[in-house]
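# Coordinates in review
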Amino acid sequence: MMCGEKLRSSTATSLHVAAFCVVVAATIIGVQGSHKVYPELQSLPAEKVDETHRTGYHFQPPKHWINDSHPGPMYFNGLYHLFYQYNPKGSVWGNIVWAHSVSKDLINWQALEPAIEATKPFDIKGCWSGSATILPGNKPVILYTGVDKHNRQVQDYAVPTNLSDPYLRSWVKPSKGNPFIDPDRSVNASAFRDPTTAWFVNGEWHTVVGSKRDMVGVAYLYTSKDFKKWVRAKEPLHSARGTGMWECPDFYPVSPTGRRGLDTSALGKEVKHVFKVSLDLTRFDYYTIGVYDKEKEKYVPDLGSVDSWAGLRYDYGNFYASKSFFDYKKHRRVLWGWANESDGEARDKDKGWAGIQLIPRKVWLDPSGKQLLQWPIKELEMLRSPDPRKLNSKVLKHGRHVEVDGITGAQADVEVTFSFRSLDRGADLPAQDVCHQKGSTVPGGLGPFGLLTVASEKLEEFTPVMFRVFKKGGKHVVLFCSDATR
Ligand code: DQQ
């Protein structure tokens, strides 16, 4: 998976790129999140684990299948907790539990016992995605989707059994009050899941659950005074025609200025809101930026902030079922996404693992107010070698490459600055699919230029991670692409 060169700054003549890691395989072209069902492979524990392409940079359990970042992270009493969907019995999707790991720095993780497993009538057929909320009095609670014995998706909750255990190892799903939301007849109970982190406004808690009505994507809004009894609001928080099932909704405020994150319940005159959903039909995460009208209990995207796959995505590569959280320790909003494999379930079974959590990123609002900006969390730099390879002042000639000696591994953390006499070449319009259409060889705008990663010696194979610069409305627009077809 391509995981991360980001444009750091763009002046008239230079582009500085910090490539925080370059990992084997996959592409922006054609790789999407998915978890198809292969019953015959679901409960075949890995006999051995093929370490060849495991990552040195990302979160990944020692073996078996993972999906979704939406169960999501949480910061509580000095520790980061990561919950994710996990199959303890095999390397394809199935037998899903909420796996649980803790970390002091978001980089080094300790695996604990699963936080939630399918044991109760209200989740006996699966413990699917959801999220964590910290209630007043510093009390964490998990909201998640249980699949009941009739295959209905219901919303359940779990709380730590012992709040004085700093690791919160054990969670209980009280029989009283579960499920806390039972879909009534007006809701499609086979498309009703992934409650998001609750926020408090107008004296009530609010959460949304992803769903669909025919092809209309819907975020049903539920409110509660006591976090126990939940009532569905008359209108959904938001919905959009033609988008199909909305999985893993995420709804959070962003500050109009600066990079500091906001608590999910933060409100304010200037505060904007981000609404993200994972589109089951296309397996892409898209978001809009808009205004949360707390009186009308509605989210309204700004003009020009488009719902659907024509809108903005967090990432144009293999990135799905993401979730953000407010990091109380560093006052930032951190986003996690999940990437699946691109080489098929038979290979996943053989290698004994599938899927990774992507590099956590800090997200904040661009000063234009029209899009989010993101950057790998600072902590990632602790993985850097004390003895970096350096290459200075190389001239890149058209159609040629410069070899970086001394990196033999399939993974590296690279910072690179590209400088040009002028960035003004090219008048093409930057559309999302330019990367896809033009690949890594067809010129367009300025570029493509970048890095050939995981290259074989004679360049029969390589994965370009590249930039294209365009001009639009007098401004430079930079596309960041990768292509694993070679
Ligand atoms: N994966 C979960 C669902 C969610 C989907 C099941 C997204 O709750 O909608 O593992 O990948």
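Residues numbered from 1 in each chain as written. Predicted model: local features only at pLDDT ≥ 70, side-chain atom pairs only at ≥ 80, totals over all residues. Heavy atoms only, no water.

### Concerning the overall build of the protein
Of regular secondary structure, the protein possesses two helices and 31 strands. Principal-axis analysis of the C-alpha atoms gives the protein an extent of 70 × 55 × 40 Å. Burial analysis of the protein (486 residues in total) assigns 55% to the buried set. Contacts spanning at least 24 positions in sequence make up 57% of the contacts within the protein whose residues lie at least 6 apart. One way to put it: in the protein the 63 positive side-chain charges average out to a point 4 Å from where the 53 negative ones average out. (Helix = DSSP H or I, 4+ residues; strand = E, 2+ residues; numbered from the N terminus. Buried < 20%, exposed > 50% of the residue type's maximum accessible area, 1.4 Å probe, protein only. Contact = heavy atoms within 4.5 Å. Lys, Arg positive; Asp, Glu negative; His and termini not counted. Charge placed at Lys NZ, Arg CZ, Asp CG, Glu CD.)

### Some details on the site of the ligand
Within the structure, the ligand sits among His35, Asn67, Asp68, Gln85, Trp93, Trp128, Ser129, Arg193, Asp194, Glu247, Arg283 and Tyr320. Glutamate 247 has a polar side-chain atom sitting 3.0 Å from an oxygen atom of the ligand. Expressed as a share of its isolated accessible area of 310 Å², the protein-covered part of the ligand is 100%. Those elements giving two or more residues to the shell around the ligand turn out to be strand S3 (64–76) and strand S7 (127–135). Grouping the amino acids of the shell around the ligand by side-chain chemistry returns three nonpolar, four polar and five charged. (Near = heavy atom within 4 Å. Polar contact = N/O pair within 3.5 Å; in protein donor to acceptor, adjacent residues only side chain to side chain. Areas by Shrake-Rupley, 256 points an atom, 1.4 Å probe, with all protein chains shown as cover. Nonpolar A, V, L, I, M, F, W, Y, C, P; charged D, E, K, R; others polar.)

### Points about the packing of aromatic side chains
This structure, assessed with the given rule, holds 32 aromatic pairs. When the ring of tyrosine 84 is compared with that of tyrosine 86, the centres are 6.0 Å apart and the planes differ by 70°; the resulting orientation is edge-to-face. On the basis of relative accessibility, which here comes to 4%, the residue tyrosine 84 falls in the buried class. Ring pairing ties together the aromatic residues Trp199, Trp246, Phe251, Phe275, Tyr292 and Tyr299, which thus form one cluster. Lying over the aromatic face of tryptophan 353, arginine 54 brings its terminal NZ or CZ to 5.6 Å of the ring centre. Cation over ring: lysine 351 sits above tryptophan 353, and NZ or CZ is 4.5 Å from the ring centre. (Phe/Tyr/Trp six-rings, centres within 6.5 Å; stacked < 30°, edge-to-face > 60°. Lys NZ or Arg CZ within 6 Å of the ring centre and 35° of its normal.)

### Things to note about the pattern of salt bridges
In total, this model carries 29 salt bridges according to the counting rule given. In this structure, the salt-bridge partner of arginine 283 is glutamate 247, at a minimum N-O distance of 3.0 Å. Of this pair, arginine 283 sits in the loop between strand S18 (272–279) and strand S19 (284–293) while glutamate 247 sits in strand S17 (residues 246–254), and the two are 36 residues apart along the sequence. Residue class for glutamate 247 comes out buried when judged on its relative accessible area of 6%. Arginine 332 is paired through a salt bridge with glutamate 379; the nearest N and O atoms lie 2.6 Å apart. On the criterion of sequence distance, the pair formed by arginine 332 in strand S23 (residues 332–339) and glutamate 379 in the loop between strand S27 (372–376) and strand S28 (412–419) is long-range, its members being 47 residues apart. For the pair arginine 332 and glutamate 379, a shared accessibility class is recorded, and that class is buried. Through salt bridges that share partners, Asp50, Glu341, Asp343, Arg347, Asp348 and Lys351 make up one connected network. (Salt bridge = Lys/Arg side-chain N within 4 Å of Asp/Glu carboxyl O.)

### So, the sheet that holds strand S10 (residues 171–172)
Pairing between sheet strands relies on hydrogen bonds along the backbone, with the strands arranged either parallel or antiparallel. Taken in spatial order, the four strands make up an open sheet running S7-S8-S9-S10, and their pairing is antiparallel. Looking at strand neighbours, the two that pair on one side only are S7 and S10, the edges of this open sheet. In terms of strand pairing, S7 meets strand S8 (residues 139–147) through eight bridges, oriented antiparallel. Paired with tryptophan 128 across the two strands is threonine 145, which belongs to S8. (Pairing = 2+ DSSP bridges.)

### Observations regarding the UniProt feature "domain: Glycosyl hydrolase family 32 N-terminal" (unreviewed entry) in the protein
The residues that UniProt annotates with the feature "domain: Glycosyl hydrolase family 32 N-terminal" (unreviewed entry) are residues 58–376. Between the end C-alpha atoms of residues 58–376 the distance is 11 Å, and the span holds 2% helix and 49% strand. (UniProt positions renumbered as here; feature names shortened; annotations may be inferred.)

### Section: the sheet that holds strand S30 (residues 463–472)
One open sheet holds the three strands; their spatial order is S29-S30-S31, and the pairing between them is antiparallel. Each edge of the open sheet carries a strand with a single partner, namely strand S29 (446–453) and strand S31 (475–482). For this sheet the average axis-to-axis angle between neighbouring strands, irrespective of direction, equals 20°. (Axes fitted to C-alpha atoms, helices over the stretch in contact; angles between N-to-C directions.)

### Remarks on unusual backbone geometry
Residue proline 179 follows asparagine 178 across a cis peptide bond; omega there is -10°. Of note, the amide linkage connecting glycine 447 to proline 448 takes the cis form, showing an omega dihedral of 10°. Inspection of the secondary structure assignment puts proline 448 in strand S29. Not every positive phi belongs to a glycine, and asparagine 77 is a case in point at roughly 45°. Among the secondary structure elements, asparagine 77 is positioned in the loop between S3 and strand S4 (79–86). Residue classification places asparagine 77 among the partly exposed positions, given a relative accessible area of 48%. Notably, asparagine 95 is not glycine yet its phi reads approximately 50°, a positive angle. Here asparagine 95 lies in the loop between S4 and strand S5 (97–103).

### Structural notes on the side chain of aspartate 366
Position of aspartate 366 among the secondary structure elements: in the loop between strand S26 (361–365) and S27. Of the side chains with opposite charge, lysine 475 lies nearest to the buried aspartate 366, which makes no salt bridge, at 7.5 Å. Those residues in contact with aspartate 366 that lie beyond four places of it in its chain are Gln371, Leu372 and Leu373.

### Considering the pairing of S26
Among the five residues of S26, four are classified as buried, and the element is accordingly described as predominantly covered. Pairing of S26 with S27, which is carried by five bridges, proceeds in the antiparallel orientation. When the sheet's bridge partners are listed, valine 363 is paired in S27 with glutamine 374.

### Concerning the nonpolar core
Among the nonpolar cores identified, the biggest contains 24 residues, and Trp65, Tyr84, Tyr86, Leu106, Phe325, Trp336 and Trp338 are the most heavily contacted of them. Mapped onto this core, the elements with two or more residues apiece are S3, S4, S5, strand S22 (320–327) and S23. Looking at this core, the element that brings in the most residues is S4, giving four residues. When residues no more than four places from it in sequence are discounted, the contact partners of leucine 106 are Tyr80, Phe325, Arg332, Trp336, Ile377 and Glu379. (Core = buried A, V, L, I, M, F, W, Y, C linked by side-chain atoms within 4.5 Å.)

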